[in-house]
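Below, each chain spelled out in residue letters.
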Amino acid sequence: MINKILIHFLLFSVLGMTFQLRAQDKVSEVNGVVKDIYGDPLPGVIISTWNKKVMYITDYEGKFHFDLDQSNTTLTFTLAGYKIQTKDTGKDVVIVMEEDAHLTAETVNLGFSVQSREVLSNAVSTVSGKTLEKSLIPRLQGTFSGHMSGLTTIGGSFQPNYETVAMYIRGLSTFHGGQAGIVIDGILYDSYSQDILYQITPEEVSSITVLKDGASQALYGLRGANGLIVVSTKRGVPGKLKLNVTLDETIQEPSYKPIFINSVTHATLKNQAAYNDGLGENYYYSEEQIGKFRAGNDSLYPNTNWHDMLFRRASHMQRIGVDATGGSDIVRYYANVNMLHQGSFYHTDQEDYNSNNYLYRINIRTNVDINITKYLTGYINMAGNILRGNEPYGRDGSGNNAIYNLSYYMPSTLFGPVTPVIFDDEGKVKDPGGEVITTNKIGTSPYGMLNRSGYYTQTNTNIYGQTGFNLDMSFLTPGLSIGGNVGYLSNISSYLSTTQNYARFTRDDDWSKLIFKQHGTTQNTDLAYAKNQSLYGYMSYKGEVAYKRDFGAHHVSSILFGIFQELDDNTANIDATYDFRRIYSGLGVQYDYDKRYALKFDLGYSGSDYFPSGNRFLWTPGVSIAWIASNEGFIKNSLPWLTMLKPYFSYAITGNDATGMDRYGYIDQVTMGSGIVRYLDYNTTETSFGNSNLRPESIKKYNIGVNLGIANQLSLSADYFKEKMDNGIYRSTSLTPSFQGIPLNAFPATNFAEYENKGFEIELNYLKRLNKDWTFNLGGSLSYNKNIAINAAETPNDNSYAYPYRIEGYPVGQSFGYLVDYSNGNGMFNTQEELEGAPVYSFGTPRLGDLKYQDLNNDKTIDEKDMAPIGNGSLPRYFYGVTGGFSYRNIELSFLFQGVADYYRDFYSLAVNESLGEGRYSENHLNAWSEERWLKGEKISYPAISTSRSVSAQNSDFFFKNASFIRLKNIEMSYSLPMKISKTVGAKSLKFILGGQNLFTIDKINSKDMPVEGNYGAFPIYRMYRISIRAQF
Amino acid sequence: MKHIRYILYTCILFLAGSACSDELNQAPSGKISLEEVFEDNERTMYYLNTCYSKIPNKGVRYFYRSFGPVCWSDDAWDADDMDVNWAASALLYNGNASASSHPVWAVEGENLQMSYWENYFAMIRSCGIFLMNIDNAKVNNERDRRRWKAEAHILRAYYYSELLKWFGCDLPIIREPLSLNQDYSSVRRSSYYEVVQFIIEDCNAALAIDELPWRITTSADALRVTKAVAEAIKARMILYAASPLYNNGQNYWEEAYSIIKTSLSNLRSNGYELYNKVNTPATFSDPEAFLPNTYAQLFNEYFFSSAAYSATPVDKETIYQLASSQGNLIFLDGIGAIHGNKSGTCPSQELVDAFETIDGQTILQLSKPYLDEETHLQPNYNPENTLYDPQNPYENRDPRFYASIYYNGSKRRCGWSFDEMPNNYENYPGLSGVVRVRIIATWAVDENDPSAGSESRTGLSATARSKTRTGYYQRKFSHPFTGIGQSATNARYKDFRLGEVILNFAEAAAEAGHIAEALQAVNEIRSRAGMPDIPSELSKEQLILRIRNERRVELALEGHRYFDVRRWSAPDGNLAKTDRWVTAAYITRRKDGTYHYDRAQVNGNERKCYTNKYLKVAIPLKEINNIIEISGENWQNPGW
């Protein structure tokens, strides 16, 4: 099939060549100037003829001058943020461009097609690369949060340069928890999309579009349902070489760190925990020992701050970016080189090798557009990057997290990090010491991980090339063209793993001396080397026929395409023995009448090898309509302040094949394993029973929205959506008893589950240019989503359960836990009487100071029957961003706040389990319940601590805290030197920029050391400061 | 119009291109269907192996290195109950077991999410599929076909017998596997007795097949079932069916008597006999093995050794042993100090009380062993016993006592992982790792005289995992000398042995009134152990008590007691007299080096797993919910 498509492309290309016509000699000369309404020159305005055969750009004084091979044609002037102007060719043309607060002039990239925003009938959100560049996060998806409505991002890892972000469009469209797909320059990457996004720097991006409603996703067939993020990279603009150089230096510091629990406090808390557990007073540390800790002048009684010992207060990141653009009417290019260095987080003392982390990343991109003949155009995008990084202890940042995590386990009472040198009476070294110290319970050491465990060096090379052509077939019929592209991607990671083990020593129980005994049997070993690699590669082929023509006031544009895509996965995924293959095709038709009535129809037809041959393909139709009322004469005349009014509606069926089930869920699988009777050799296992009727999930999506604009200053858009699925793929084992003998997890998956997702988005933007010097803007977006599993064929528990259902009727990821009985004020057993009247706990015996749970079913027992829904699923209900800024002459300021609301997380498992290791105490435990505190009426914010998992350590609403927050995500202030000064260094412009990231957060947890995002033991969110210089030549 | 046609052609071409979905046909290889399995000799054989795949691990591998039902009965206390407080022993002792937090998990090494219920029914289905297909399957050798068929019958009987033992309830008899689309609401349960009849039917079907051997003679065939296994299953299950908990008011004793009699006679005539002599005296008769006589020596040897796969094995008693060895048991389930890790199964004072004195007198009056029946702190001594001295309690006992239990004052030659401490008077000084004779000291701190100290290594502790909860350590399955630096692999777990069948017969015969035969059988067991005969003048009730006590002693720590005390209960009864309070020897050391023997409750806590509902294990909650939803019937066992 690939061959067939290729042959067809070749045929058409040759056809195109026969009509070859070189650009002709100059016919007319055009010149002029472009200004804004205050008379300031506008540089960078793109001037093009209607068919974009010629493009030119205004210089720093707003002037333009070029020759044309045709006369009396119409020129189009475009500049982002300004309304499009058209003018006939001529000499001394003066153009005045007007601001376009509603961005109607913009072309929106929908991935497989583009459309003018003015007549767009879909729900999409966009952001420009220029805005994203303001973020201090060097990984592309780290810059998204808060800029686009309908996109919920959840940070995974926050370690600088290893940031991971889960991206959900309109929450969860299916109960499988799928994340958004990625389209880069017209090519869909259906797997590894997150990884692929990381390979792009924000500087290369011209715009991002988030496709939110079904009708915009229909062409993506069975990869459409989770929504798509469309990335367009920058393309060349003609003219002389223009060079931008950016240099920046970023300082990164943790935005919080756990408070240091000194050894006095640690010892006291540990004694208190033991006392609470009935082990008596001073069980671990005597008063005398605590006194010595307090005095702090005895090396036998240390006060070790492990975190500060191992971690630098701040790390640095440097970056150099160069981009170049230019070209002629035949070739245009955009090139970018970006080099980044991430500095270290640690203090290391390993002298034989470098175990500290570092990372170098070089990104290169060249996007070239060529007009090969009058009819044939083509493009080549080559991009790639090389990442070389060093990590202590683990691969891909895992070691960093392990070290970070473990540093919180190390008690400050522990002498460390290594055993001391011991001298004999004559002053000779008796024992050189230097052995890594740990405790029996911990058994390992963050110091050992960092300095005695080797290092990992990874070299990751990622290359992706895209090339395509477009043949203008207007010789057949005006407006017809054909095209195609081939995309290739290859990602190879090579790892050098060096490992070393170290002997561990523990301190003797006798505190009067510094005596250490070896723990376990590990020895100090030499560094050992190993190499391994993983790789994956993509091939994507696309053929397309396009037709675009205006018939008076009727504007028609349509595309018809077919895509074949193959993913070769050679990473650790052992199921991925066969290439993953998918076929997409579709027809998209856009029509509008006089830019007043717009209709869009899309029909996708796509298939994947996840389904049996009869059910492999899915039709995904989508239709959307819009009425651009503000273009109606009567509104223009009678309500001139109503500069935009556009209601729109869409309906579509979108598809999903990522169901989390077996890859070949449609076939029975009988596999061989080793049997237990040797003579009988193997055994046969019926691993799973196939469902030969399995078909892709289809999700019906409705969207209704309106764009509103007032006085070309205030823009508002609002969308309401509803999504419904009634053929969800799920393993239905209700009504299936296990006595029938087939293990329930081998039961076939079937299409039956029902699921619903709904919500709304509001975006508001106010832009006002007060006068020549002052411009203000303020905006924001708010997204809300709520999903519910309607039918999962769940077998309910009986009526003795307070909540018999655990899946149906709840959102994906609904947690269940106990409700704390706060009737006595603090929800804990404060007195012996309270304890005696307590119901029986099925998971242990409550102590004084433990949490009082509500016996919801009144059976005098607290067990899982009393569990109630807590929180509201795995995603925040509300996600919002607030942006704003101003510019005054050469000074600009912009900011972004981002927040979530109606979001609950279980902080017990994330942060506060004090019984781990030797007792892991944080700020939470300082106010833990004790009889003394209770009698004195002091603040109590935590149940009685324990040396083991107490009954308070259950899922409960006490620990399920409100994780809502609002954060100053980004702020940037810049100053451009007056042109006179920048000219003296040969630059056209010179700009100094101060940026800040994550400067402060307001949250409901009210804790100094408990992060609202991420978790306690992992790298924290970093606060960053950046100074940059940007010069344009 | 011509142009339009071009466009149409192109459209058709593209649609045709994408519709050619051959590219998506990547048939996965290496995946076969069930039909193909039975079209091939080897695969058919493999499928039989599948039918073996859920034969449980027992002994120390019940779950998480625990002896499972041994520790859940009044024979022992699990020293992991505090440290591994999420595992079955803790859930049962604390009474936290529920139908969803199921105490009886799958055996170690298998999918922990699957309980016996799911596992065994899955196997019953596999056996059913095998039996449905074997007659027409492609099998090269007709002798194989018949033997395989017999094995599948026995395996199905085995899995049903395990289900009955644990769940103790009516079960659906699934002869032919149910299909995926079956209407499960029509499936009905059969009574316990009917299921036992089905088990016997399967066993008889196997016994009728000549190709099935009586004994496994090559180690490649280890774990394969034999005619002897079929007889042993029948003998065990008919005894269960006749017992009060399961007999539904019917008297099946006569039937049980005759079935077991036949089985026993068939076993004997096919070469099965009691293990009756020491075969490796170099080890077990060594004076430093501290086994006082040949009876104790052969008993210890028998349980430490696996039966050989041979036509003429030394061990002719073992009928079925499980495949996996139990590792070096003393490290996991014995004197915790040897490895420093855990003691595991700690035999109870109640079990120790069951061992008679060497003259054949019981220590306690079996009809009412404790004056305070529920707390067990006041023993009701047998007035006719003149040998027993409560202050010197371990003298003159049944030889099996010395082969089964380590007690205060026992000696053992081995190396262990601790330096001796000054307060370990019996053994101090002594370095870790050094092989020497040590004295097991299980005494506790004397509350009246705390200055006398407490045993720091092997003494009594209510919480420490490496120390004894009860004052005793398990000896039965362990080698006499192993310790740090020396290891020995323990025997494969003996799931069926002739000794049990003889005791099954003794019990059924006594219950059915065949007193002479019952006496003869129980005395056969006793004489192998060097114990005098039970007097013949006892009443039937007295004889039954003696047989039950004999069973407890002979089968101690083998996992029978948990099921026995249950089947002897009435359906509306409970286990308050046996399982509620399980006690420890509370021994204190006087300054002169002598000991004072007393009794105490372990932890001071009662076990909560003695109530009526604990007579039977809960059927997993999810299953019950499903069945209620399907048929409206509640299959759950009482109280859950």
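Before going into details, it helps to say that this report is about the structure given with it. Throughout, a residue's number is its position along its own chain's written sequence, starting from 1. Chains carry letters from A onward and ligands carry numbers from 1 onward, assigned in written order. For this predicted model, a pLDDT threshold of at least 70 governs which residues receive local features, and a threshold of 80 or more governs which side-chain atom pairs are given and counted, while totals over whole chains, interfaces and linings are taken from all residues. As a convention, hydrogens and water are excluded, and side-chain values are obtained from all of the structure's heavy atoms.

1. What to know about the interface of chain A and chain B
- The contact criterion used throughout is that any non-hydrogen atoms of two residues lie within 4.5 Å. Contacts between chain A and chain B engage 68 residues on the former and 65 residues on the latter.
- For the pair chain A and chain B, the summed buried area comes to about 6,000 Å², and 63% of that belongs to carbon and sulfur atoms.
- Accessible area that two parts lose when put together, evaluated with a 1.4 Å probe and summed over both, is termed the buried area. When the buried surface of chain A facing chain B is broken down by residue, Ile676(A), Leu680(A) and Phe739(A) rank first, second and third, together holding 13% of it.
- Take a side-chain nitrogen of Lys or Arg and a carboxyl oxygen of Asp or Glu: if they are within 4 Å of each other, that pair is a salt bridge. On inspection of chain A and its partner chain B, the count reaches one salt bridge.

2. Let's talk about the sheet that holds strand β1 (residues 28–36) of chain A
All names here are of chain A.
- The strand order across the open sheet built from three strands is β4-β1-β7, with neighbouring strands paired in mixed fashion. Each edge of the open sheet is held by one strand with a lone partner, namely β4 (63–68) and β7 (93–97). If you compare each strand with its neighbour and ignore which way they point, the axes differ by 25 degrees on average. Two strands are counted as paired when DSSP detects at least two bridges linking them. By the criteria applied, helices consist of DSSP H or I runs no shorter than four residues and strands consist of E runs no shorter than two, each listed in order from the N terminus. Here an axis means a line fitted to C-alpha atoms, over the contact stretch when the element is a helix, while the angle between two N-to-C directions is reported on a 0 to 180 degree scale.

3. Quick notes on the sheet that holds strand β14 (residues 187–189) of chain A
All names here are of chain A.
- Pairing is mixed across the open sheet formed by five strands, whose spatial order is β10-β15-β16-β13-β14. Looking at strand neighbours, the two that pair on one side only are β10 (124–128) and β14, the edges of this open sheet. Pairs of neighbouring strands in the sheet enclose a mean axial angle of 20 degrees, with direction left out of account.
- By the bridge criterion, four bridges tie strand β13 (residues 181–184) to strand β16 (residues 228–233) in an arrangement that is parallel. Within β16, the residue paired with Ile-182 across the bridge is Ile-229.

4. Overview of the environment of Tyr493(B)
Residues and elements named next belong to chain B.
- With respect to the helices, strands and loops of the structure, Tyr-493 is situated in strand β8 (residues 492–497).
- Each residue's exposure class comes from its accessible area (1.4 Å probe, protein chains only) as a fraction of the maximum for that residue type: buried when under 20%, exposed when over 50%, partly exposed otherwise. Owing to a relative accessible area of 7%, Tyr-493 belongs among the buried residues under this scheme.
- Not counting residues up to four positions away in its chain, the partners in contact with Tyr-493 are Lys-58, Gly-59, Tyr-320, Gln-321, Leu-322, Ser-324, Gln-326 and Glu-558.
- Any N or O atom pair separated by 3.5 Å or less is treated as a polar contact, with the protein-specific requirement of one donor-capable and one acceptor-capable atom, and with residues adjacent in sequence counted only for side-chain atom pairs. Looking at Tyr-493, its side chain comes within polar contact range of the main-chain oxygen of Glu-558, at 2.5 Å.

5. With respect to the packing of aromatic side chains
- Two rings from Phe, Tyr or Trp (for Trp, the six-membered ring) form a pair when their centres sit within 6.5 Å of each other. Planes less than 30 degrees apart are called stacked, planes more than 60 degrees apart edge-to-face, and all others tilted. For the structure on display, the rule yields 94 aromatic pairs over all chains.
- Geometrically, the ring pair formed by Tyr682(A) and Tyr46(B) is edge-to-face, given 5.2 Å between the ring centres and 80 degrees between the ring planes. One end of the pair, Tyr682(A), is in strand β36 (residues 682–688); the other, Tyr46(B), is in helix α3 (residues 41–52), on a second chain.
- For Tyr682(A), a relative accessible area of 40% translates into the label partly exposed.
- Given the relative accessible area of 10%, Tyr46(B) is considered buried.
- Arranged with centres 5.8 Å apart and planes meeting at 85 degrees, the rings of Tyr394(B) and Tyr472(B) form a pair that is edge-to-face. Placement of Tyr394(B) in the loop between α15 (349–354) and α16 (399–404) and of Tyr472(B) in the loop between β6 (436–439) and β7 (473–474) is noted, with a sequence separation of 78 residues between them.
- Taking relative accessible area as the criterion, Tyr394(B) reaches 6% and is therefore assigned buried.
- Classification of Tyr472(B) by relative accessible area gives buried; the value is 0%.
- Put simply, the rings of Trp72(B), Tyr116(B), Tyr120(B), Tyr158(B), Tyr159(B), Trp166(B), Tyr320(B), Phe496(B), Tyr562(B) and Phe563(B) touch in pairs and so form one group of aromatic residues.
- Consider the ring centre and the ring normal. A charge sits over the ring if Lys NZ or Arg CZ is within 6 Å of that centre and within 35 degrees of that normal. Just above the ring of Tyr409(A) sits the side chain of Arg920(A); from NZ or CZ to the centre is 5.1 Å.
- The lysine or arginine in question, Arg567(B), covers the ring of Tyr240(B), its NZ or CZ lying 5.2 Å from the ring centre.

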